[in-house]
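The primary structure of each chain is shown beneath.
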Amino acid sequence: MKRTRAALLCLLTTLLLISAADSTVMRLEMTHRDTLFPTSVRRIGDIIGSDQKRHSLISHKRTTATNGGARLSLRSGFDYGAAQYFAEIRVGTPAKRFRVVVDTGSELTWVNCRFRGKGKTENRRVFRAEESSSFSRIGCLTQTCKVDLMNLFSLSSCPTPSTPCSYDYRYVDGSAAQGVFGKETFTVRLTNGRVARLPGVLVGCTNSFSGDSFRGADGVLGLALSDYSFTSKATNVFGGKFSYCLVDHLSNKNVSNYLIFGSSSFSSATKLNATRTTPLDLNVIPPFYAVNIIGLSLGETMLDIPMQVWDATQGGGTILDSGTSLTFLADAAYKAVVSGLQRYLVGLKRVKPEGLPIEYCFDTTSGFNQSKLPQLTFHFKGGARFEPHRRSYLIDAASGVKCLGFVSAGEPGTNVIGNIMQQNYLWEFDIVASALTFAPSTCL
């Protein structure tokens, strides 16, 4: 119960040197992170604050051939004291292991790093760039630095021709990472048990970072869609797709699934008859993965929500984000959802835990049957429907307290389907076909 209270809130050049690339898949194991604060109220408040900063910068950012596959382990970060999901990657030559936040909302992949005597070494694994035979720095006078990496916050400072290209990368939750850009080799494991190498991946050698986003992590795996993200490199090699299945965010580190590059396996753990596909809008809110929602319903009732809420050309639109915990809805949609759900919670006392910036929380010490809640459904263009689990929108906040897991995004505002709402579903992002396929799954 103590863990439950603490739980809510917090991937020769493109050719693999393998002889049997017939049906292999690259997978990384993913882990959820959840901060273990002394009180769950403080924990939730921290996560919501982080989510709100992240959402604000998401809105700001809007204005300004198959060779098999590979897999990375994917786990909940609960045991590591974080509110996101972790994968383990192997970087450099010889390859070193690092635990990184899996973030579909950022482009830069980086690890805690020491280069030319600079970098943090305490309490985290450290990548020593100068000890890797495959690390190559990017010079500050290069076209890559001065033009191509501008969107990744490359800095104009270039005191000497031998100075590496530096960055000050800012995240949508207010966190930041500073360091130098380089190219490096990543080692990945295939589903047939073999190992392959991905050379020439852009990596950040981060010598300084700040913010709660990195609690329990050695870096970030940037999965947003851009020319220099890990997604771009891995999908070019493994067939244009990646997928993940997020285990319950309260799961311990022994419970895992995989981040897969290549065609995903809709196994017996996934309800095949419930598989749905909807278009991915890859150009409307770059570099994020946008989907076209046309409405929300509770049970059999469609909610009265203006269509401009879902229109990206009018400041609305919706993205999926693995780095945001809660789900953000533009104000009109937020009000319609929470008022509709509240009708089914009238028998429960509404509470306002001190320091907790969620509007709708309820005392459930006397017990509450979650099955009494109506099914929330996201209706996508083309007819696909996403029906999240009830525990993904009425979430545990503290002992005997449950809250509606939504935050207002303002008006207009970008709607964000967070990782708690996505849990226990398999999500496959087909970059080539611009399609999103999903289905309920145990993720085991």
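Residues numbered from 1 in each chain as written. Predicted model: local features only at pLDDT ≥ 70, side-chain atom pairs only at ≥ 80, totals over all residues. Heavy atoms only, no water.

- Labelled according to an unreviewed UniProt entry, the protein appears under the name Peptidase A1 domain-containing protein, originating from Brassica campestris.
- According to the UniProt record, the Sequence similarities (unreviewed entry) comment for the protein reads "Belongs to the peptidase A1 family." (UniProt positions renumbered as here; feature names shortened; annotations may be inferred.)

**Observations regarding the sheet that holds strand β20 (residues 349–351)**
- Pairing is antiparallel across the open sheet formed by four strands, whose spatial order is β20-β21-β25-β24. Here the strands that pair on one side only, and so sit at the sheet edges, are β20 and β24 (394–398). Adjacent strand axes in the sheet meet at a mean angle of 40°, parallel and antiparallel pairs treated alike.
- With three bridges joining them, β20 and strand β21 (residues 361–363) adopt antiparallel strand pairing. (Pairing = 2+ DSSP bridges. Helix = DSSP H or I, 4+ residues; strand = E, 2+ residues; numbered from the N terminus. Axes fitted to C-alpha atoms, helices over the stretch in contact; angles between N-to-C directions.)

**Examining the environment of alanine 217**
- Within the secondary structure, alanine 217 sits in the loop between β10 (195–210) and β11 (219–222).
- Using a relative accessible area of 1% as the deciding quantity, one classes alanine 217 as buried.
- In this structure, the C-alpha to C-alpha distance between alanine 217 and valine 101, residues 116 residues apart in sequence, is 6.4 Å.
- Discounting residues that sit within four places of it in the chain, alanine 217 has contacts with Phe86, Arg99, Val101 and Arg124. (Buried < 20%, exposed > 50% of the residue type's maximum accessible area, 1.4 Å probe, protein only. Contact = heavy atoms within 4.5 Å.)

**Details of the packing of aromatic side chains**
- Taken as a whole and judged by the stated rule, the model has 25 aromatic pairs.
- One aromatic cluster is present, formed by Phe186, Phe230, Phe242, Tyr244, Phe261, Tyr289 and Phe429 through successive ring pairs.
- Positioned over the ring face of tyrosine 258 is arginine 71, at 4.6 Å from the centre of the ring. (Phe/Tyr/Trp six-rings, centres within 6.5 Å; stacked < 30°, edge-to-face > 60°. Lys NZ or Arg CZ within 6 Å of the ring centre and 35° of its normal.)

**Re the UniProt feature "active site" (unreviewed entry) in the protein**
- Listed under "active site" (unreviewed entry) in the UniProt record, and renumbered for this structure, are Asp103 and Asp321. The annotated residues occupy 219 residues of the chain but converge on a single region, no pair of C-alpha atoms lying more than 7.3 Å apart.
- Note on placement: aspartate 103 falls in strand β4 (residues 96–103).
- Of the polar contacts made by the side chain of aspartate 103, one reaches the side chain of serine 106; its length is 3.1 Å.
- Take aspartate 321: it is sitting in the loop between β18 (318–320) and β19 (327–329). (Polar contact = N/O pair within 3.5 Å; in protein donor to acceptor, adjacent residues only side chain to side chain.)

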